[in-house]
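Remarks on the overall topology
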Amino acid sequence: MTRPSGETFSTVLRQASVQDHADAETNGYMSDLMDGNLPLSAYAALTARLHPVYAALEEAAEAMRDHPVAGRFVFAELVRKPALEADLAELLGAGWAERVEESPAAQVYAARIREVAFTWSGGFLAHHYVRYMGDLSGGQIIGRMVERAYDLKDGKGTSFYRFADLKAKPFKDAYRVLIDEAPFDAEEQRRIIGEVKLAYRLNTAIFDELGAVDWSAAA
Ligand code: HEM
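Residues numbered from 1 in each chain as written. Predicted model: local features only at pLDDT ≥ 70, side-chain atom pairs only at ≥ 80, totals over all residues. Heavy atoms only, no water.

Attention now goes to the site of the ligand. Near the ligand lie 19 residues; those nearest to it are His-21, Met-34, Tyr-129, Lys-172 and Arg-176. Measuring from a nitrogen atom of the ligand, one finds a backbone N or O atom of Gly-138 at 3.4 Å. In terms of residues, the shell around the ligand owes the most to one element, helix H8 (residues 121–135), which gives five residues. Classifying every residue of the shell around the ligand gives nine nonpolar, five polar and five charged. (Near = heavy atom within 4 Å. Polar contact = N/O pair within 3.5 Å; in protein donor to acceptor, adjacent residues only side chain to side chain. Helix = DSSP H or I, 4+ residues; strand = E, 2+ residues; numbered from the N terminus. Nonpolar A, V, L, I, M, F, W, Y, C, P; charged D, E, K, R; others polar.)

As structure tokens, this is what we get:
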């Protein structure tokens with residue numbers, strides 16, 4: 001829904017979260033990872049943390065599939081959980097699930113998605129937007145930098161960043177139109193902006209958790 005000022009909600013959402021995005025983008029762990037200054041296990045640890053997050057998000061998508069507003073954002077082409085599992089098998093081996101360490105930050109993030117995204121369409125959109133629009137934007141840069149830094153080839157270990165069944169630019173344009181067409185009133189838009197900002201903080205908390213690990217002894 002367009003605001004009285006004429007700004008579309010997708011524009012308002014982006015502008016309201018510019019600082020939160022910058023905080024995530026400039027996080028020390030993220031910069032170190034993309035520069036190749038960390039061992040491959042530090043990248044595997046991020047992939048492992050994303051798994052419970054996408055498991056929650058993609059279960060929420062199933063729960064919301066027939067919802068008149070949230071259901072419009074459910075796309076099979078976006079589903080990432082199988083790609084994360086393939087990457088984890090590549091990076092950590094077939095028994096990866098037993099070898100993944102506990103992550104309080106990932107648990108808190110997944111719990112928040114489970115709390116709000118299964119029943120509140122705005123909450124679903126907020127978490128969906130931050131992850132998938134991020135994956136189709138900066139995620140494309142991150143995937144390429146990680147491939148280069150760790151010499152990973154043919155999507156082995158990085159299939160999460162490759163969306164085989166869509167083209168990022170037209171998909172993102174169409175996604176923004178869906179955001180603008182959704183019937184969120186001013187109060188609902190305010191709540192969604194708050195949830196988007198929280199979702200960014202939950203991502204940054206994962207980076208902070210990974211940044212606090214001493215990777216010097218790891219392979
Ligand atoms: C080093 C890390 C990152 C880089 C280099 C980066 C870069 C970018 C760039 C260049 C765009 C604009 C793309 C476009 O308009 O088509 C963008 C958009 C976006 N990024 Fe990131 N990003 C990073 C990390 C993140 C993280 C960690 C998240 C959240 C999990 C995130 C979420 C988003 C979202 C939601 C958008 C779409 C904003 C909108 O147009 O509404 N990004 N990113």
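With 12 residues, helix H5 (residues 81–92) should reach 16 Å at 1.5 Å per residue; the first-to-last C-alpha distance of 16 Å fits that figure. If you check which residues of H5 are buried, you get Ala-83, Leu-84, Asp-87, Leu-88 and Leu-91. The arc that holds every buried residue of H5, seen down its axis, measures 135°, which confines them to one face. Considering only its buried residues, H5 is in contact with helix H4 (40–64) and helix H6 (96–99). Looking one or two residues past H5, Gly-93 carries a phi angle of roughly 95°, positive in sign. (Expected span 1.5 Å × (residues − 1). Buried < 20%, exposed > 50% of the residue type's maximum accessible area, 1.4 Å probe, protein only. Arc of directions from axis to C-beta. Contact = heavy atoms within 4.5 Å.)

Next up on the list: the coordination of the iron atom of the ligand. Protein coordination of the iron atom of the ligand is limited to a single donor, His-21 (NE2), positioned at 2.0 Å. Tracing the backbone through its elements, the reader meets His-21 in helix H2 (residues 18–25). (Donors = N, O, S within 2.8 Å, 3.2 Å for Na, K, Ca; no water.)

Our next topic: the packing of H2 against helix H11 (residues 186–211). Between H2 and H11, the shortest axis-to-axis distance is 9 Å and the interhelical angle comes to 10°. Of the possible angle classes, the one that applies to H2 and H11 is roughly parallel. Of the residues in H11, those in contact with Asp-20, His-21, Asp-23 and Ala-24 of H2 are Lys-197, Tyr-200, Thr-204 and Phe-207. For the contact of H2 with H11, the class distribution of residues is three nonpolar, two polar and three charged. (Axes fitted to C-alpha atoms, helices over the stretch in contact; angles between N-to-C directions. Parallel < 35°, antiparallel > 145°, perpendicular 65-115°, else oblique.)

In terms of nonpolar packing, the biggest core is built from 70 residues, with Tyr-29, Leu-46, Phe-124 and Tyr-129 touching the most fellow members. Per-element accounting of this core gives the leading share, 13 residues, to H4. Each residue touching Tyr-129, except ones within four places of it in the same chain, is listed here: Leu-13, Arg-14, Ser-17, Gly-134, Tyr-175, Ile-179 and Val-196. (Core = buried A, V, L, I, M, F, W, Y, C linked by side-chain atoms within 4.5 Å.)

We now examine the packing of aromatic side chains. What characterises a pair of aromatic rings is the spacing of the ring centres plus the angle enclosed by the ring planes. A full pass over the atoms with the stated rule returns nine aromatic pairs. Arranged with centres 6.2 Å apart and planes meeting at 70°, the rings of Phe-9 and Phe-184 form a pair that is edge-to-face. Here Phe-9, found in helix H1 (residues 9–16), pairs with Phe-184, found in the loop between helix H10 (168–181) and H11; they are 175 residues apart in sequence, far enough to count as distant. Among the residues examined, Phe-184 registers a relative accessible area of 4% and is labelled buried. A ring pair is formed by Phe-75 and Phe-171, whose centres lie 5.0 Å apart and whose planes are at 75°; its orientation type is edge-to-face. With Phe-75 in the loop between H4 and H5 and Phe-171 in helix H10, the pair connects residues that are 96 residues apart, well separated along the chain. On the accessibility criterion, Phe-75 (25% relative accessible area) is partly exposed. Ring-pair connections join several aromatic residues into one group, and the members of that group are Tyr-54, Tyr-132, Phe-160 and Tyr-161. (Phe/Tyr/Trp six-rings, centres within 6.5 Å; stacked < 30°, edge-to-face > 60°.)

The subject of this paragraph is the pattern of salt bridges. Scanning all chains against the criterion turns up 16 salt bridges. Where Glu-195 meets Arg-112, a salt bridge forms, and the shortest distance between an N and an O atom there is 2.7 Å. Taken together, the residues span a long stretch of sequence, with Glu-195 in helix H11 and Arg-112 in helix H7 (residues 104–116) at a distance of 83 residues. A salt bridge links Asp-151 to Lys-153; the shortest N-O distance between them is 2.7 Å. (Salt bridge = Lys/Arg side-chain N within 4 Å of Asp/Glu carboxyl O.)

A few words now on unusual backbone geometry. A negative phi angle is the norm for most residues apart from glycine, just as the trans form is the norm for most peptide bonds. Positioned with a positive phi, Asp-151 is a non-glycine residue whose angle comes to about 55°. The residue Asp-151 is located in the loop between helix H9 (138–150) and H10 in this model. Unusually for a residue other than glycine, Asp-154 sits at a positive phi of about 55°. If you trace the backbone, Asp-154 turns up in the loop between H9 and H10.

Just geometry here; none of it tells us what the structure is for.
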